[in-house]
Amino acid sequence: MSNLYREITPLTQHDCFTLFARVKSDFDFPLHYHEEFELNFIARGPGIKRIIGDHSEVIEDLELVLVGTNLPHGWFLHQCENKEIREITIQFHRDLFDEKFLRRNQLTFIRILLERAAKGVLFSRETIEAVRPRLEALTQKSGFDSVLDLMSILHDLSISRNMRTLSNTSFTHDPFHYNSRRIEKAFEYMRANYDKKITLADVAKVASMPEVSFSRFIKKSTGKTFVDSLNEIRLGHASRMLIDTTQTIAEVSYKCGFNNLSYFNRTFLKKNGCTPREFRSNYSGSRVFV
């Protein structure tokens with residue numbers, strides 16, 4: 001699949017979920033995937049082309065899809081001529097519902113729904129019309145009540161009728177479970193000091209390993225180099241600041257540990273498939289972080 005990007009979402013490890021509500025005239029965000037689940041609602045978008053995994057389809061005027069972790073997805077203007085497309089996007093961590101929690105009897109249907117989301121789930125028009133007021137109300141809420149409301153919405157979606165699985169292929173691959181205290185300490189250090197200068201020597205020292213050994217170890221444990229791992233942490237904070245603040249892109253770059261603006265722009269584009277400015281524009285509108 002060409003031109004597929006891994007998006008670094010603005011959701012931090014301390015958030016339960018994030019919600020964006022916006023009116024759009026265009027869909028130009030590239031085909032992408034991310035580790036978070038995504039519930040995406042679209043109204044007034046007939047003619048938009050949806051791609052989920054290996055499935056593509058032109059949508060009707062109402063749409064609600066649950067996208068699983070690491071599943072490629074995107075919506076594109078295609079034949080849609082409406083300039084006021086309504087969209088609500090909710091992203092939540094894959095571990096918002098702990099595996100043991102999901103094994104409880106009362107969570108069975110949500111667990112099955114999240115498993116099905118590995119291929120993308122499209123909900124029926126009847127279901128969409130039933131939950132739409134609650135999705136729209138969620139844009140005005142925050143705090144603990146909003147977490148309960150999201151769980152309630154997911155439960156009602158999980159027991160709804162006539163949902164449809166979209167992709168033939170599951171793109172989900174479990175991330176590396178590196179169960180290593182040394183790697184955990186290294187990531188804790190990088191997360192705590194992402195806005196400062198960090199060298200391989202600094203992090204190797206925290207992990208109590210020689211530089212060369214640590215460099216091989218982090219690559220083998222996570223599938224990413226030290227630089228890639230550090231950049232992803234910094235890009236996560238940059239994504240959040242682009243959306244949450246009005247600071248210039250240069251200010252965001254420097255405050256997230258990138259001391260070279262052109263390098264930041266290049267790294268951001270390579271990872272997200274769009275420039276920081278385009279990313280900020282895509283996430284314009286009302287937003288809630290919980």
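Anyway, here's the lowdown on the structure attached to this text. From a predicted model like this one, the values you see are computed outputs, not experimental measurements.

About the thresholds
Residues numbered from 1 in each chain as written. Predicted model: local features only at pLDDT ≥ 70, side-chain atom pairs only at ≥ 80, totals over all residues. Heavy atoms only, no water. Pairing = 2+ DSSP bridges. Helix = DSSP H or I, 4+ residues; strand = E, 2+ residues; numbered from the N terminus. Contact = heavy atoms within 4.5 Å. Axes fitted to C-alpha atoms, helices over the stretch in contact; angles between N-to-C directions. Phe/Tyr/Trp six-rings, centres within 6.5 Å; stacked < 30°, edge-to-face > 60°. Buried < 20%, exposed > 50% of the residue type's maximum accessible area, 1.4 Å probe, protein only. Lys NZ or Arg CZ within 6 Å of the ring centre and 35° of its normal. Core = buried A, V, L, I, M, F, W, Y, C linked by side-chain atoms within 4.5 Å.

### Comments concerning the sheet that holds strand 9 (residues 85-92)
Alright, step 1. The strand order across the open sheet built from seven strands is 11-10-7-4-9-2-12, with neighbouring strands paired in antiparallel fashion. Looking at the sheet topology across the chains shown, the edges are occupied by strand 11 (164-165) and strand 12 (286-289).
Alright, step 2. Bridge count for strand 4 (residues 37-43) against strand 7 (residues 62-67) is six bridges, and the pairing is antiparallel. When the bridges of strand 7 are listed, Glu38 appears paired with Val67.
Alright, step 3. Sitting on the sheet, helix 8 (residues 226-244) touches strand 2 (17-24) and strand 12, and the angle it makes with strand 12 is about 135 degrees.

### Remarks on the packing of aromatic side chains
Alright, step 1. The final tally for this structure, using the stated rule, is 11 aromatic pairs.
Alright, step 2. Taking the centre distance of 6.3 Å and the plane angle of 75 degrees together, the rings of Phe29 and Tyr283 count as edge-to-face. A residue pair is termed long-range when its members are at least 10 positions apart, and Phe29 in the loop between strand 2 and strand 3 (32-33) and Tyr283 in the loop between helix 11 (276-282) and strand 12 qualify at 254 residues.
Alright, step 3. Taken together, a centroid distance of 5.3 Å and an interplanar angle of 10 degrees make the contact between Phe37 and Phe92 stacked. Placement of Phe37 in strand 4 and of Phe92 in strand 9 is noted, with a sequence separation of 55 residues between them. Of the two residues, Phe37 and Phe92, neither departs from the other in class, the shared state being buried.
Alright, step 4. Among the aromatic residues, ring-to-ring pairing joins Phe20, Phe29, Phe258, Tyr263, Phe264, Phe268, Phe279, Tyr283 and Phe289 into one connected group.
Alright, step 5. Against the face of Phe27 rests Lys24, its NZ or CZ located 4.5 Å from the ring centre.
Alright, step 6. The ring centre of Phe289 lies 3.6 Å from the NZ or CZ of Arg240, which sits over that ring.

### Considerations on the nonpolar core
Alright, step 1. Core analysis: the largest hydrophobic core is formed by 34 residues, its most contacted members being Leu64, Ile90, Phe92, Phe123 and Leu135.
Alright, step 2. Counting residues per element, the ones that place at least two in this core are strand 2, strand 4, strand 7, strand 9, helix 2 (108-116), helix 3 (125-138) and helix 4 (144-158).
Alright, step 3. No other element matches helix 4, which puts five residues into this core.
Alright, step 4. Among the nonpolar cores identified, the runner-up in size contains 33 residues, and Phe214, Met241, Ile249 and Val252 belong to it.

### What to know about the pairing of strand 4
Alright, step 1. Most of strand 4 sits inside the fold, with seven of its seven residues counted as buried.
Alright, step 2. The side-chain alternation of strand 4 yields two buried faces, one formed by Phe37, Leu39, Phe41 and Ala43 and the other by Glu38, Asn40 and Ile42.
Alright, step 3. Bridging between strand 4 and strand 9 involves seven bridges; their strand directions are antiparallel. Paired with Phe41 across the bridge in strand 9 is Ile88.

So, to be careful, I would describe these as geometric facts and stop short of saying anything about function.
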